[in-house]
Amino acid sequence: MSNIGNYEERYKTFTWEQAERELNYRPGGVLNIGWYCSDRICDSGKGDKPALIWEGMGGIEKRFTYHDIRRASNTIGAFLRGLGIQPEDRVCLFMDKIPELYLGVLGILKIGAIGQPLYSAFGDESLFVRLDNAQTKAVITQKKHAPKVRKILDKLPHLQHLIIVDHDGKPLKDREIAFSLEKSEPVEKLEIHPTLAESPSLLHYTSGTTGLPKGVKHVHYSLLSQYMTARWALDVREDDIFWCTADPGWVTGTSYGVIGPWVLGVTQCVLDAGFSAEAWYRFIEKNRITNWYSAPTAIRSLMKAGEEIIKKFDLSSLRALSSVGEPLNPEAVIWSERVFGKAFLDTYFQTETGSIMITNYQGMKIKPGSMGKPFPGTTAVVLDQKTFEPHKESGKIGLIALKPGWPAMMRTYWNNEETYQKKFKNGWYITGDRASIDKEGYFWFVGRDDDIINTGGHLVSPFVVESALIEHPAVAESAVVSKPDPINMEVVKAFVTLKAGFTPSADLDLEIMNFIRKKLSPLAMPQEIEFTDALPKTRSGKIMRRILKAKEWGEEIGDTSTLEND
Ligand code: WT7
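This structure is a prediction, so every number in the text was calculated from the model and none was measured. (Residues numbered from 1 in each chain as written. Predicted model: local features only at pLDDT ≥ 70, side-chain atom pairs only at ≥ 80, totals over all residues. Heavy atoms only, no water.)

J.: For this particular structure, what's the right way to read the nonpolar core?
T.: Within soluble globular proteins, side chains that are nonpolar tend to cluster in buried spots. Among the nonpolar cores identified, the biggest contains 98 residues, and Leu80, Ile140, Trp262 and Tyr293 are the most heavily contacted of them. A per-element tally of this core places helix H6 (residues 99-110) first, with seven residues. In contact with Ile140, other than residues within four places in its own chain, are Leu80, Val91, Cys92, Leu93, Phe94, Met95, Ile108, Ile163 and Val165. Listed in part, the 29 residues of the second largest apolar core include Trp280, Trp292, Phe313 and Leu318. (Core = buried A, V, L, I, M, F, W, Y, C linked by side-chain atoms within 4.5 Å. Buried < 20%, exposed > 50% of the residue type's maximum accessible area, 1.4 Å probe, protein only. Helix = DSSP H or I, 4+ residues; strand = E, 2+ residues; numbered from the N terminus. Contact = heavy atoms within 4.5 Å.)

Encoded structure:
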């Protein structure tokens with residue numbers, strides 16, 4: 001029997017008060033995620049249970065019990081407080097998936113500061129816009145990533161501390177400070193800041209279609225959603241060995257790579273090494289992983305690696321498998337059922353929703369290719385694109401919309417309330433995705449309603465790539481769209497027109513690529529640049545990405561009545 005039991009029954013009867021009761025939270029009272037994820041588990045007598053089994057490059061391993069993560073997060077929290085970090089100050093975590101990242105999230109939350117995790121592969125320009133927007137006060141990083149922060153330090157007057165967790169003793173520069181978790185005096189008791197439900201917790205940046213990345217503000221109350229969804233959507237259980245493969249630079253990696261498993265007092269594993277099918281299977285075998293949360297791109301890569309390799313490992317510990325971030329192909333569901341004896345269950349959410357919204361459940365009939373059904377305590381519909389009223393008949397494609405009110409919903413976009421307000425129509429939160437709902441209430445994902453590219457589960461704004469391209473002296477105009485890819489589903493492709501005096505060549509292609517590489521996150525890099533004489537435009541001069549995209553995907557071009565040059 002799965003944790004959720006009978007889905008239909010749960011959906012009918014569940015209210016968020018149940019989560020409040022189970023977590024002993026009294027409305028109006030103190031609620032601190034950092035405390036819930038460590039101290040509370042220790043108070044319940046499970047302090048000696050392993051909380052984190054971490055493996056880094058070259059197979060080195062570190063283990064932390066709940067007592068260890070409680071103490072370590074206290075130690076980090078006390079250190080930050082000692083530096084003068086105040087409640088609601090932004091503290092950025094800019095690290096690989098090392099233990100300090102996971103423990104740092106709890107430490108920051110314990111002192112009431114706002115955690116701002118950023119993916120460690122970001123270059124200095126990606127980093128700058130996010131630290132500038134959030135007016136971040138401190139960055140915690142590793143020495144290998146510190147140069148990227150140093151490069152922009154002069155442009156960031158609010159940034160007071162660059163904290164290096166693995167400092168090698170070389171002289172530190174102005175505003176730099178070393179912190180070593182291992183060498184610090186462990187802090188047994190930390191005064192936890194009395195955050196309330198609506199106190200801000202995390203700031204995650206996500207790509208927009210037009211402007212700069214938006215900072216999605218979450219609050220401590222999100223805990224209730226993450227707690228319930230980890231239990232009922234991911235079916236996380238007391239004795240699970242849980243592995244979420246996502247990086248905490250993204251929402252999946254905090255909601256389900258830090259908070260979900262730890263509020264449930266479960267043992268989780270982290271592998272901080274690059275992807276290889278062999279390494280992943282070995283990790284599952286070695287740690288006897290029972291519950292695995294991953295992403296379609298990784299699953300497609302595993303499929304590509306073949307079935308022979310699977311036979312070399314004992315993967316019989318696996319009990320529950322789930323996936324998130326992009327459409328999960330029906331073939332991947334069927335394949336996983338055949339090779340692991342368990343199907344990957346598709347789950348759907350966004351940085352903005354903070355927790356799983358539509359999902360498949362253990363024990364419920366799976367329709368491969370469907371995202372499943374709305375989570376109890378949430379109302380999901382598809383809306384007519386013109387009237388913003390829910391479609392009455394099943395099977396019709398519309399905008400996925402959610403009724404606001406679940407605990408993990410974002411509270412605003414940082415410094416951008418106006419864009420936040422635009423996400424609501426007729427009392428619905430508009431996700432920006434399209435889907436249909438079948439007769440049995442299953443959701444079928446169709447695509448995004450904007451030009452954002454989802455490559456391997458990472459959202460890329462065409463605007464950001466185009467802006468980087470046109471900074472190159474040879475580039476006159478650019479348009480960035482997705483093209484199909486067998487592993488990443490979509491990859492980034494750029495169309496470029498050149499200024500007079502420049503001619504297309506392989507050398508110029510390389511030069512432009514190297515130029516934008518310095519400006520973009522590696523995930524946003526185009527796979528291909530196509531030089532062209534002209535870009536399709538509307539009569540008002542707006543570049544029509546959808547025409548270029550349709551060509552790449554071999555689709556009908558659709559209405560071109562507003563095209564300039566037809
Ligand atoms: C966008 C959100 C969800 C956490 C990681 C990404 C797409 C997400 C699915 C799914 C099809 C999906 C949507 C969504 N997406 N899950 N199961 N099937 N598409 O968070 O970076 O905010 O991206 O990812 O387009 O809006 P994010």
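J.: Honestly, helix H11 (residues 277-287) in this entry has me stumped. Any pointers?
T.: Every α-helical turn comprises 3.6 residues, leaving residues that sit three or four positions apart pointing alike. For H11, the complete set of buried residues consists of Ala277, Trp280, Tyr281, Phe283, Ile284 and Asn287. Within H11, the buried residues cover an arc of 155° as seen down the axis, which keeps them to one side. Remark: Arg288 follows H11 within two positions and exhibits a positive phi of approximately 50°. (Arc of directions from axis to C-beta.)

J.: How do you make sense of the site of the ligand when you look at a structure like this?
T.: The full set close to the ligand counts 19 residues, and Asp346, Thr347, Phe349, Thr351 and Asp433 are the nearest of them. The separation between a nitrogen atom of the ligand and a polar main-chain atom of Thr347 is 2.7 Å. At a separation of 2.5 Å, an oxygen atom of the ligand approaches a polar side-chain atom of Thr351. In the complex, 95% of the free accessible area of the ligand, which totals 550 Å², lies under the protein chains. Where the shell around the ligand is concerned, the elements lending two or more residues are helix H10 (251-263), strand S14 (344-348) and strand S22 (443-448). At three residues, the largest contribution of residues to the shell around the ligand is made by S14. In terms of residue class, the shell around the ligand is built from eight nonpolar, seven polar and four charged. (Near = heavy atom within 4 Å. Polar contact = N/O pair within 3.5 Å; in protein donor to acceptor, adjacent residues only side chain to side chain. Areas by Shrake-Rupley, 256 points an atom, 1.4 Å probe, with all protein chains shown as cover. Nonpolar A, V, L, I, M, F, W, Y, C, P; charged D, E, K, R; others polar.)

J.: Mind showing me how you'd approach the packing of helix H4 (residues 39-46) against helix H5 (residues 66-82) here?
T.: In a packed pair of helices, the relevant descriptors are the angle between the two axes and the axis-to-axis distance. For the pair H4 and H5, the least separation of the axes is 9 Å and the interaxial angle reads 145°. Pair H4 / H5 crosses with left-handed handedness. On H5, the residues touching Asp39, Ile41, Cys42 and Lys46 of H4 are Tyr66, His67 and Arg70. Split by residue class, the contact of H4 with H5 holds three nonpolar, one polar and three charged. (Axes fitted to C-alpha atoms, helices over the stretch in contact; angles between N-to-C directions. Left-handed = near helix turned anticlockwise from the far one by under 90°.)

J.: Could you clarify how one ought to interpret unusual backbone geometry in this entry?
T.: Glycine aside, residues mostly have negative phi, and peptide bonds are mostly found in the trans state. A positive phi angle, near 45°, is found at Gln135, a position not held by glycine. Its place among the elements puts Gln135 in the loop between helix H7 (124-134) and strand S5 (138-141). For Gln135, a relative accessible area of 37% gives the class partly exposed. Positive phi outside glycine occurs at Phe388, with the angle close to 60°. In this fold, Phe388 is placed in the loop between strand S17 (380-383) and strand S18 (398-402).

Take it as geometry only, folks, not as evidence of what the structure does.
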